[in-house]
Amino acid sequence: MDIRGDLTVQDNIGIADGSLHVSGSLSASDVDVDRHLEVSGSVKVADLEVGSRAEVHGALKAESVEVGGSLEVLDTAEVEEIDAGGSVRVVKNVNCKSIDVGGSVVVGGGKVTDQIDVGGSFDSTGPLEFNELDVGGSVQLKGGSSGKRIDVGGILKVSGNLQFEDIDVGGTVEIDGDAAGKDIDIGGVLRVGSNLNLAGSLEVGGKCRVQQALNAGRIEVGGSLEAQEIKVEDIEIGGSIVTKKGVRAESITIGDRGRARGPLFGNSIRVGEKADVEALYGKNIVIEENGKAGIVHGESVRIESGCRILGEVLYSGSLDADKDVSFAVEPKKVSSLPPA
């Protein structure tokens, strides 16, 4: 059915086994089209249901929109609930409660107050405010976006700053600017272009690189970690850690065969077997078998068999070193350690 000009009705519109084309704007209570809907102007309805494809050249305003295939809106979309089996594209801002799409979504930014659930990919070309974002594949967000929970199966990319509560991503996260939130759990790789501030924990299975400062409550990295400086309560590194200004923590653990470049400042520091560290400044320090260290300053220091200490060793309390430990410089007991 083709309608020239605007179509305004008080009742429902139902098109069974056919399509509806409106060259102007569309206003009705409920609209149900079996196949395709195309409107050259704006659409204002209570409920919109389209079997295959819906295309709106103007703004879309509705309580609910359900499309079996694809929805395309070339202006803004103010809809309580959007449900599409295939894809959704809104060129300008969205203002929604929920978006549930089986395939891909592209929006121009805006606000989604409840849930975004997408099976494939999600892309916001403008800043987006959201509550929960759950995407099976990949997500791209514009800088200045903020949300609570982000759960992505594959890749999350943010072209600027991001505020959040929790991020859980199976693959890779890339944030170009500052990132601030509570917890991050990444299966693969995390890259942050500026500062990363977390009130809770950071867990990364692979590699983590923060260009500036990293602050968190707890850090656990299975592979490598790089940052300018790190401040944390508890940190555990399975592979390597590289900093310029060092790590300051209550508890520091470097795993077996681990590597640390940059000073480590901690209340408790444990260096695993065959690990290689540059400088240790702590209260209680343990270097396990066959480890290698540069400078060691501590109150209570334990150095196990086969270790090599290449720099200065100062201790203010006790030094317990196995007989075959190699010291480049004779250890020295002092009344108080130099400020770290």
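Description of the structure in this document.

About the thresholds
Residues numbered from 1 in each chain as written. Predicted model: local features only at pLDDT ≥ 70, side-chain atom pairs only at ≥ 80, totals over all residues. Heavy atoms only, no water. Helix = DSSP H or I, 4+ residues; strand = E, 2+ residues; numbered from the N terminus. Buried < 20%, exposed > 50% of the residue type's maximum accessible area, 1.4 Å probe, protein only. Polar contact = N/O pair within 3.5 Å; in protein donor to acceptor, adjacent residues only side chain to side chain. Phe/Tyr/Trp six-rings, centres within 6.5 Å; stacked < 30°, edge-to-face > 60°. Lys NZ or Arg CZ within 6 Å of the ring centre and 35° of its normal. Contact = heavy atoms within 4.5 Å. Pairing = 2+ DSSP bridges. Core = buried A, V, L, I, M, F, W, Y, C linked by side-chain atoms within 4.5 Å. Salt bridge = Lys/Arg side-chain N within 4 Å of Asp/Glu carboxyl O. Patch = residues over 30% accessible without salt bridge, like charges linked within 9 Å, V, L, I, M, F, W, Y side chains within 5 Å. Areas by Shrake-Rupley, 256 points an atom, 1.4 Å probe, with all protein chains shown as cover. Lys, Arg positive; Asp, Glu negative; His and termini not counted. Charge placed at Lys NZ, Arg CZ, Asp CG, Glu CD.

1. What to know about the side chain of Ser19
Next, step 1: Checked against the element boundaries, Ser19 lands in the loop between β3 (13-15) and β4 (20-22).
Next, step 2: Owing to a relative accessible area of 15%, Ser19 belongs among the buried residues under this scheme.
Next, step 3: There is a polar contact of 3.2 Å between the side chain of Ser19 and the backbone nitrogen of His36.

2. Focus: the packing of aromatic side chains
Next, step 1: Scanning the entire structure with this criterion turns up 1 aromatic pair.
Next, step 2: With 5.1 Å between their ring centres and 15° between their planes, Phe265 and Tyr281 make a pair best called stacked. Separated by 16 residues along the polypeptide, Phe265 in strand β36 (residues 259-271) and Tyr281 in strand β37 (residues 276-287) bring together distant segments of the chain.
Next, step 3: By relative accessible area, which is 11% here, Phe265 ends up buried.
Next, step 4: One Lys or Arg, Arg248, reaches over the ring of Phe265 and ends 4.0 Å from the middle of that ring.

3. What about the environment of Leu156?
Next, step 1: Position of Leu156 among the secondary structure elements: in strand β23 (residues 155-159).
Next, step 2: A relative accessible area of 0% places Leu156 in the buried class.
Next, step 3: For the pair Leu156 and Thr172, spaced 16 residues apart in the sequence, the C-alpha separation amounts to 6.3 Å.
Next, step 4: Once residues within four sequence positions are removed from consideration, Leu156 is found in contact with Val139, Leu141, Ile150, Ile167, Val169, Thr172, Val173 and Glu174.

4. Some points on the pairing of strand β25 (residues 166-169)
Next, step 1: The two faces of β25 differ: Ile167 and Val169 on one face are buried, but Asp166 and Asp168 on the other face are not.
Next, step 2: The pairing of strand β22 (residues 149-152) with β25 spans 4 bridges and is classified as parallel. Opposite Asp151, over in β25, you have Asp168 as the bridge partner.
Next, step 3: Sheet analysis places β25 next to strand β28 (residues 183-186), joined by 4 bridges and oriented parallel. Within β28, the residue paired with Val169 across the bridge is Ile186.

5. Looking at the nonpolar core
Next, step 1: Judged by nonpolar contacts, the single largest core of 99 residues is most densely connected at Phe122 and Ile235.
Next, step 2: Counting residues per element, this core draws most heavily on strand β34 (residues 224-237), which supplies 6 residues.

6. So, the pattern of salt bridges
Next, step 1: Counted according to the given criterion, the structure contains 15 salt bridges.
Next, step 2: Taking the shortest distance from any N to any O, the salt bridge between Glu220 and Arg218 comes out at 2.9 Å.
Next, step 3: On the basis of relative accessibility, which here comes to 31%, the residue Glu220 falls in the partly exposed class.
Next, step 4: Among the salt bridges present, the one from Lys292 reaches Asp276, with a minimum N-O distance of 3.6 Å. Taken together, the positions of Lys292 in strand β38 (residues 292-303) and Asp276 in strand β37 put the pair 16 residues apart, joining distant regions of the chain.
Next, step 5: Through salt bridges with shared partners, a single ionic network connects Glu203, Arg218, Glu220 and Asp234.

7. Considering the pairing of strand β16 (residues 104-107)
Regular strands have side chains that alternate between both faces of the sheet.
Next, step 1: Burial along β16 is one-sided: Val105 and Val107 are buried, while Ser104 and Val106, pointing the other way, are not.
Next, step 2: Two elements, strand β14 (residues 87-90) and β16, share 4 bridges in a ladder whose sense is parallel. Within β16, the residue paired with Arg89 across the bridge is Val106.
Next, step 3: Sheet topology places β16 next to strand β18 (residues 121-124); 4 bridges connect them, and they run parallel. Bridging from a neighbouring strand, Val106 pairs with Asp123 of β18.

8. Focus: a negative patch on the surface
Next, step 1: A grouping of Asp32, Asp34, Glu49, Glu63, Glu66, Glu78, Glu80, Glu81, Asp83, Asp100, Asp114 and Asp117 is seen on the molecular surface, where their side chains present a negatively charged patch.
Next, step 2: The set of elements that each furnish at least two residues to the negative patch consists of β11 (60-67), β13 (77-84) and β17 (110-118).
Next, step 3: Per-element tally for the negative patch: the top contributor is β13, with 4 residues.
Next, step 4: Here Glu49 lies in strand β9 (residues 47-50).

9. Some thoughts on the side chain of Glu304
Next, step 1: Examined against the element boundaries, Glu304 turns out to sit in the loop between β38 and β39 (308-309).
Next, step 2: There is no salt bridge for the buried Glu304, and the closest opposite charge comes from Arg302, which lies 4.6 Å off by N-O distance.
Next, step 3: Separated by 3.1 Å, the side chain of Glu304 and the backbone nitrogen of Glu289 make a polar contact.
Next, step 4: The contacts of Glu304, once residues within four sequence positions are left out, are Ile287, Glu288, Glu289, Asp322 and Val325.

10. Looking at the environment of Cys96
Next, step 1: Structurally, Cys96 is set in strand β15 (residues 94-101).
Next, step 2: Apart from residues lying up to four places away in sequence, Cys96 is in contact with Ala77, Val79, Glu80, Ile82, Lys111, Val112 and Thr113.

11. Things to note about unusual backbone geometry
Next, step 1: Its identity as a non-glycine residue notwithstanding, Arg257 has a phi of 65°, on the positive side.
Next, step 2: In this fold, Arg257 is placed in the loop between β35 (240-254) and β36.
Next, step 3: A positive phi angle is found at Asn290, which is not glycine, with a value near 60°.
Next, step 4: Asn290 sits in the partly exposed class, given a relative accessible area of 40%.

Function cannot be read off these values alone, since they describe shape.
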